[in-house]
Amino acid sequence: MTTSLEFYPPVIAHRGASAYAPENTLAAFIKAAQLGIKWVEFDVMQAASGEPIIFHDDLLDRTTDGKGEVSHYSYTYLQTLDAGRWFDSRFSGERIPTLLQTIKFLQEAKLSANVEIKAQSGHEEKLVIRVLDELAPYLHAAQPAILFSSFSLDALHFLRQHSPHCLMGLLLHEWEPDWQYVCTSLQCISVHVNHEIMTREAAQKIKSMDKILLCYTVNDPARAAELYSWGVDAVFSDIPDRIVDGNWNIPK
Ligand code: G3P
Ligand code: MG
């Protein structure tokens, strides 16, 4: 499957513009839009009541005023938590958004989305079905684009099984021995690699496979410049504006 997506400016706001607003909240997505960024990445988990929600950690403790496992609570409870005050009192009252709330905002703001599936082990199919169902009205529009990704091979398998044509990328924290086979057999259009393991040779290999190459999480403009010079198409960053400013001569 060869599909081209536009990454210009070549930066994806990681969990939204997460250096400036609490990660994975609408405030962080609004900030990314205000900065002129065209893509945001966010993490999708599932509340006990079934709603896909935007959240990164297994536990509520770091980024909300709640405690314990996110997946144990209904959204009725989760929406009462403060997901902004931990970051800065200016963001008090910010809530954990649902996927539906988020996608509606992204459509209005014309922001493309990298939807990272973070299912509880053994619950991948349930989350994937619900996510695909909620995003169905938006999946086939060329712009803004929706690109799925996951570290979980089970989640990627279920995505491909239930949506033969969805755009999907393989996420790699380390080089898995069978990553090329997985990428080809699941028809991934992109590979999203931890920048700490990226080399010029690996970048050349991925580009020779005609895949989009994305690297996370890059908060140093000089490192971003090096990655771009190796053929990396875009980087995930918490400071997307500074990556763009530091690389003002990136060729379009
Ligand atoms: O999708 C890129 C990046 O978000 C993966 O790592 O832990 O920040 O979700 P993490
Ligand atoms: Mg993520």
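Here the structure is a predicted model, which means the values were calculated and not measured.

Asks: Whenever I open this one, the coordination of the magnesium ion (ligand 2) confuses me. Can you help?
Replies: Angles at a metal have ideal values that depend on geometry: 109.5 degrees with four tetrahedral donors, 90 or 180 degrees with six octahedral donors. Coordination sphere of the magnesium ion (ligand 2), protein contribution only: E41 (OE), D43 (OD) and E116 (OE), at 2.0 to 2.2 Å. The sequence pattern describing where the donors of the magnesium ion (ligand 2) fall on their chain is E-x1-D-x72-E. Of this pair, E41 sits in strand β2 (residues 39-46) while E116 sits in strand β4 (residues 112-117), and the two are 75 residues apart along the sequence. Note on E116: relative accessible area 5%, which makes it buried.

Asks: Looking at this structure, I do not really get the site of ligand 1. What am I missing?
Replies: In the vicinity of ligand 1, the contacting residues are H14, R15, E41, D43, H56, E116, K118, F151, L171 and Y216. A distance of 2.7 Å is found between an oxygen atom of ligand 1 and a side-chain nitrogen or oxygen belonging to H14. Between ligand 1 and H56, the relevant distance is 2.8 Å, taken from an oxygen atom to a side-chain nitrogen or oxygen of the residue. For the shell around ligand 1, a count of residues per class yields 3 nonpolar, 2 polar and 5 charged.

Asks: Before we go on, may I ask you to explain the packing of helix α4 (residues 124-135) against helix α5 (residues 153-162) in this structure?
Replies: Relative placement of two packed helices is described by the angle separating their axes and the distance separating the axes. Close contact between α4 and α5 brings their axes to 9 Å; oriented N to C, the two are set at 45°. Relative to α5, the element α4 lies oblique. The way α4 lies across α5 gives a crossing that is right-handed. Within the contact between the two elements, α4 uses E124, E125, V128, I129 and L132 and α5 uses D154, A155, F158, L159, Q161 and H162. Taken together, the residues of the contact of α4 with α5 break down into 6 nonpolar, 2 polar and 3 charged.

Asks: Please clarify how the side chain of K211 should be interpreted in this entry.
Replies: Within the secondary structure layout, K211 lies in the loop between α7 (200-208) and β8 (212-216). An unpaired buried charge is present at K211: no salt bridge exists, and D210, the closest side chain of opposite charge, is 7.5 Å distant. K211 has contacts with C183, C188, I189, S190, V191, I206 and D233, leaving out every residue within four places of it along the chain.

Asks: Explain α4 here, please?
Replies: Since there are 3.6 residues in each turn of an α-helix, residues three or four apart along the chain are aligned in direction. Here α4 is 12 residues long and its end C-alpha atoms lie 16 Å apart, about the 16 Å a rise of 1.5 Å per residue gives. Along α4, the positions that sit buried rather than exposed are E124, L127, V128, V131, L132, E134 and L135. Taken end-on, α4 shows its buried residues confined to a sector of 165°, consistent with a single buried face.

Asks: Help me out: how do you make sense of the environment of M198 in this one?
Replies: Looking at the secondary structure, you find M198 in the loop between β7 (190-194) and α7. Each C-alpha atom of the pair M198 and D220 lies 15 Å from the other, and the pair is 22 residues apart in sequence. Once you skip the residues sitting within four places of it in the chain, M198 turns out to touch W175, V193, A203, I206, L213, C215, R223, L227 and W230.

Asks: Would you mind showing me how to read the pattern of salt bridges here?
Replies: A side chain with one charge may pair with a side chain of the opposite charge, provided their charged atoms come close. Under the definition given, this model contains 12 salt bridges. Measuring nitrogen to oxygen at the nearest pair gives 2.8 Å for the salt bridge that ties R62 to D57. A salt bridge links R223 to E226, with the nearest nitrogen and oxygen atoms 2.7 Å apart. Residue R223 and its partner E226 are both found in helix α8 (residues 221-229); the two are separated by 3 residues, about one turn of the helix.

Asks: I'm lost on the pairing of β4 in this one. Help?
Replies: Regular strands have side chains that alternate between both faces of the sheet. With respect to burial, β4 is a largely interior element, 6 of its 6 residues being buried. Here β4 shows no split at all, with S112, N114 and E116 on one side and A113, V115 and I117 on the other all buried. When β4 meets strand β5 (residues 146-150), the two strands line up parallel, connected through 4 bridges. Each bridged residue has a counterpart across the sheet, and for E116 the counterpart in β5 is S149. A crossover links β4 with its parallel partner β5, the connecting element being α4, and its sense is right-handed.

Asks: Hey, could you run me through the state of the cysteines in this one?
Replies: Taken as a whole, this structure holds 0 disulfides when the rule is applied. Note on C166: no disulfide assigned, nearest cysteine sulfur contributed by C188 at a separation of 9.0 Å. No disulfide involves C188; its nearest neighbouring cysteine sulfur is the one of C183, lying 4.7 Å away. Given a relative accessible area of 0%, C188 falls into the buried group.

Asks: Teacher, can you tell me more about the packing of aromatic side chains here?
Replies: For any pair of aromatic rings, the description consists of the separation of the ring centres together with the inter-plane angle of the planes. Scanning all chains against the criterion turns up 8 aromatic pairs. Taken together, a centroid distance of 5.5 Å and an interplanar angle of 75° make the contact between W86 and F87 edge-to-face. On the accessibility criterion, W86 (36% relative accessible area) is partly exposed. Overall, F87 belongs to the partly exposed group, its relative accessible area being 26%. Ring centres of W175 and W179 lie 5.4 Å apart, and the angle between their planes is 45°; this geometry places the pair in the tilted category. In this structure W179 comes out as buried when scored by relative accessible area, which is 9%. Following the ring pairs from residue to residue traces out a cluster consisting of W86, F87 and F91. The side chain of K31 reaches across the aromatic face of Y20, ending 5.9 Å from its centre. Lying across the ring of W86, R62 places its NZ or CZ 5.9 Å from the centre.

The rules behind each value
Residues numbered from 1 in each chain as written. Chains lettered and ligands numbered in written order. Predicted model: local features only at pLDDT ≥ 70, side-chain atom pairs only at ≥ 80, totals over all residues. Heavy atoms only, no water. Donors = N, O, S within 2.8 Å, 3.2 Å for Na, K, Ca; no water. Helix = DSSP H or I, 4+ residues; strand = E, 2+ residues; numbered from the N terminus. Buried < 20%, exposed > 50% of the residue type's maximum accessible area, 1.4 Å probe, protein only. Near = heavy atom within 4 Å. Polar contact = N/O pair within 3.5 Å; in protein donor to acceptor, adjacent residues only side chain to side chain. Nonpolar A, V, L, I, M, F, W, Y, C, P; charged D, E, K, R; others polar. Axes fitted to C-alpha atoms, helices over the stretch in contact; angles between N-to-C directions. Parallel < 35°, antiparallel > 145°, perpendicular 65-115°, else oblique. Left-handed = near helix turned anticlockwise from the far one by under 90°. Contact = heavy atoms within 4.5 Å. Lys, Arg positive; Asp, Glu negative; His and termini not counted. Salt bridge = Lys/Arg side-chain N within 4 Å of Asp/Glu carboxyl O. Expected span 1.5 Å × (residues − 1). Arc of directions from axis to C-beta. Pairing = 2+ DSSP bridges. Right-handed = clockwise from strand over helix to strand, strands pointing away. Disulfide = S-S within 2.5 Å. Phe/Tyr/Trp six-rings, centres within 6.5 Å; stacked < 30°, edge-to-face > 60°. Lys NZ or Arg CZ within 6 Å of the ring centre and 35° of its normal.

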